[in-house]
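Letter by letter, the chains look like this.
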Amino acid sequence: MAKKKDIAIDYSSDWNFAPAPESTAHIKLKKKYDLFIDGKFVKPKSGKYFETINPATEEKLADVAEANKADVDAAVKAARKAYDNEWSKLSGKERGKYIYRIARLIQEKAREFAVIESLDGGKPIRESRDIDIPLAAAHFFYYAGWADKLEYAFPNRKPQSLGVAGQITPWNFPMLMAAWKIAPALAAGNTVVLKPAETTPLTALKLAEIIQEAGLPDGVVNIVTGYGETGSHIVNHKDVDKIAFTGSTGVGKIIMKAIAGTNKKSTMELGGKAANIIFEDAPIDQAVEGIINGIFFNQGHVCCAGSRLYIQESVYDIVMRKLKDRMQALVVGDPMDKNTDIGAINSKKQLKVIEDYIKIGKKEGATVYQPKCAMPKKGYWVPPTLFTDVAQSNRISQEEIFGPVLAIQTFRTVSEVLAKANNTPFGLSAGVWTDKGSKIFNMTTKLNAGIVWANTFNKFDPASPFGGYKESGHGREGGLHGLEPYLKFDA
Ligand code: NAP
Ligand code: MG
């Protein structure tokens with residue numbers, strides 16, 4: 001009997017989309033950004049500035065202040081004063097009004113924020129426009145709603161604010177991570193000192209402008225830019241009550257050691273190595289889209305990226321063929337072009353990390369596949385990459401690469417794939433693709449992951465808690481669970 005040919009789209013032809021670049025004419029960027037302390041932009045006591053560049057062109061976007069210990073001290077003092085004199089005395093309803101105002105202002109300026117996010121970080125405009133910025137606004141809306149309902153959220157527990165929250169964010173979702181942290185802190189009645197990542201500080205500084213415009217009392221939110229050292233000054237400051245950190249597991253461990261034995265509360269959102277699991281009864285075309293979205297979305301700069309793929313043996317050939325076909329159609333290039341699927345790698349340093357892992361994968365004996373694709377001459381780029389013939393012990397299967405690199409293995413049984421999926425130091429997220437609801441429930445209870453997506457991947461909602469197990473951290477952000485770490489309770 002002739003083999004049934006399934007209908008596949010022919011991606012092999014030479015046609016291309018016409019360029020559709022987003023305009024940058026409407027954005028306002030200063031040449032130089034100072035620190036945002038006590039409601040004003042102030043010159044750094046360090047006297048130092050560093051450059052933030054556009055990783056797609058390697059051109060400088062702005063100079064940004066580098067906060068030293070004295071600058072962090074000034075920011076913490078301002079936050080303490082604002083907490084004692086104003087913010088802790090306001091009713092929840094009044095706090096909520098300010099947070100709603102921030103949410104609305106983000107929506108009003110969404111297009112400007114999206115463009116700046118893509119310029120500073122390299123992510124495709126389609127993602128910053130449709131995901132990062134709308135979700136950031138949604139988090140402020142969501143937590144604004146809780147500000148005057150804390151007693152209902154935690155009945156009979158007498159929730160109280162903590163004081164000053166020190167918050168440190170990574171470069172992969174700069175604005176969204178700032179929203180994840182600032183919105184619940186303010187709703188719970190705390191004041192904030194936030195440090196964005198060195199390579200992507202601009203949207204946090206634009207958020208500082210919004211905070212001024214929203215008329216928040218001076219010192220309620222302070223934004224100090226700088227390198228890792230600035231972050232460690234926040235972590236080690238005696239007058240900070242809570243550390244909220246999102247970043248690598250390595251830095252998370254340093255922070256946990258630094259605050260051990262102190263009264264500081266902590267939430268740690270760290271690295272991941274998610275397993276995306278495709279069963280033979282899965283809707284294959286949707287699953288292939290989910291794989292693509294899971295690992296190539298945002299250049300794989302996603303803590304919960306589906307960086308390990310487990311395919312049930314009986315559908316391996318068809319999944320691989322469709323996956324390779326689909327990869328061939330991905331557009332790598334100008335982040336400002338609305339057709340772009342994979343933008344620029346965030347920094348030269350991260351480019352080297354990813355390139356090194358690709359070399360390691362080859363050396364370990366895995367087989368590499370990269371579709372042919374033209375890439376710009378300037379800037380930092382990696383084509384979508386997959387590895388087959390991967391062993392469970394290979395470094396590309398165990399370590400976080402944080403780039404568009406997928407490690408693929410097969411499995412036969414549920415218990416085999418569970419053992420493989422759980423066999424990493426991480427436990428942030430996972431994906432399951434199957435037609436059977438019972439299989440989904442079985443898998444979700446046995447996968448050691450904070451988030452398990454079923455027949456979808458990389459979906460976020462402000463009402464839904466997010467966080468990991470094992471070396472992926474502790475504590476949750478989002479939902480009611482994300483409010484709790486910013487509160488203390490009598491009962
Ligand atoms: P990173 O190197 O750990 O940096 C994160 C933040 O910490 C940056 O602002 C960094 O400043 C700062 N920092 C560095 N050293 C510090 C220290 N000793 N004390 C205090 N702060 C310090 O991580 P990244 O490369 O920016 O981000 C990628 C990582 O974030 C990945 O591992 C990813 O999985 C993780 N991530 C996790 C989640 C989650 O929710 N679980 C979400 C997003 C990202 P500089 O950048 O200026 O050095
Ligand atoms: Mg930059």
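Anyway, here's the lowdown on the structure attached to this text. (Residues numbered from 1 in each chain as written. Chains lettered and ligands numbered in written order. Predicted model: local features only at pLDDT ≥ 70, side-chain atom pairs only at ≥ 80, totals over all residues. Heavy atoms only, no water.)

### Some details on the overall build of the protein chain
Thought 1: Across its full length, the protein chain carries 16 helices and 20 strands.
Thought 2: Dimensions along the principal axes, computed over C-alpha positions, put the protein chain at roughly 80 × 50 × 40 Å.
Thought 3: The buried share of the protein chain, taken over its 491 residues, is 58%.
Thought 4: Counting contacts in the protein chain only where the partners sit at least 6 residues apart, residues at least 24 apart contribute 76% of the total. (Helix = DSSP H or I, 4+ residues; strand = E, 2+ residues; numbered from the N terminus. Buried < 20%, exposed > 50% of the residue type's maximum accessible area, 1.4 Å probe, protein only. Contact = heavy atoms within 4.5 Å.)

### What to know about the site of ligand 1
Thought 1: Residues in close proximity to ligand 1 total 28 residues, the closest being Thr-169, Ser-248, Leu-270, Cys-303 and Glu-400.
Thought 2: With respect to ligand 1, the backbone of Leu-270 contributes an N or O atom lying 2.8 Å from a nitrogen atom.
Thought 3: Protein burial of ligand 1: of its 900 Å² of free accessible surface, 88% is covered by the chains.
Thought 4: Looking at the shell around ligand 1, the elements that each hand over two or more residues are helix H8 (228–235), strand E10 (242–246) and helix H9 (249–259). (Near = heavy atom within 4 Å. Polar contact = N/O pair within 3.5 Å; in protein donor to acceptor, adjacent residues only side chain to side chain. Areas by Shrake-Rupley, 256 points an atom, 1.4 Å probe, with all protein chains shown as cover.)

### Concerning the coordination of the magnesium ion (ligand 2)
Thought 1: Listed as protein donors to the magnesium ion (ligand 2) are Thr-52 (OG1), Ile-53 (O), Asp-120 (O), Asp-120 (OD) and Thr-199 (O); their distances from the metal cover 2.2 to 2.6 Å.
Thought 2: Donor residues for the magnesium ion (ligand 2) sit on one chain with the sequence pattern T-I-x66-D-x78-T. Here Thr-52 is found in strand E4 (residues 49–54), whereas its partner Asp-120 is found in helix H3 (residues 110–121), with 68 residues between them in sequence. (Donors = N, O, S within 2.8 Å, 3.2 Å for Na, K, Ca; no water.)

### Things to note about the pattern of salt bridges
Thought 1: What the rule picks out here adds up to 28 salt bridges.
Thought 2: Linking Asp-34 and Lys-43 is a salt bridge whose minimum nitrogen-to-oxygen distance equals 3.3 Å.
Thought 3: With relative accessibility at 13%, the residue Asp-34 sits in the buried group.
Thought 4: Owing to a relative accessible area of 59%, Lys-43 belongs among the exposed residues under this scheme.
Thought 5: A salt bridge links Asp-241 to Arg-80; the nearest nitrogen and oxygen atoms lie 2.8 Å apart. Here Asp-241 is found in the loop between H8 and E10, whereas its partner Arg-80 is found in helix H1 (residues 69–85), with 161 residues between them in sequence.
Thought 6: Exposure remark for Arg-80: the relative accessible area of 16% places this residue in the buried category.
Thought 7: Salt bridges sharing common partners tie together Arg-80, Asp-239 and Asp-241. (Salt bridge = Lys/Arg side-chain N within 4 Å of Asp/Glu carboxyl O.)

### A word on the environment of Val-64
Thought 1: Checked against the element boundaries, Val-64 lands in strand E5 (residues 59–65).
Thought 2: By relative accessible area, Val-64 is classed as buried at 0%.
Thought 3: Between the C-alpha atoms of Val-64 and Ile-277, which are 213 residues apart in sequence, the distance is 43 Å.
Thought 4: Ignoring sequence-local partners within four residues, the contact set of Val-64 consists of Tyr-33, Lys-48, Tyr-49, Phe-50, Thr-52, Pro-201, Leu-202, Leu-205 and Thr-225.

### Section: the sheet that holds E5
Strands in a sheet are paired, the pairing made by backbone hydrogen bonds, and the direction either parallel or antiparallel.
Thought 1: With mixed pairing, three strands are arranged side by side in an open sheet as E1-E5-E4. In the strand order of this sheet, the two ends are held by strand E1 (32–33) and E4, each with one partner.
Thought 2: Looking at chain direction, E1 and E5 are connected through two bridges and run parallel. Note that in E5 the partner of Lys-32 across the bridge is Asp-63. (Pairing = 2+ DSSP bridges.)

### Some words on the sheet that holds strand E16 (residues 405–411)
Thought 1: Taken together, the seven strands give an open sheet; going across it, the order is E14-E15-E16-E13-E12-E17-E18, and neighbouring strands pair in mixed fashion. Strands with a single pairing partner mark the edges of an open sheet, and in this sheet they are strand E14 (367–369) and strand E18 (451–454). With strand direction ignored, the average angle separating the axes of adjacent strands in the sheet is 20°.
Thought 2: Where E14 and strand E15 (residues 385–388) come together, three bridges link them in antiparallel fashion. Bridging across to E15, Thr-367 finds its partner in Thr-388. (Axes fitted to C-alpha atoms, helices over the stretch in contact; angles between N-to-C directions.)

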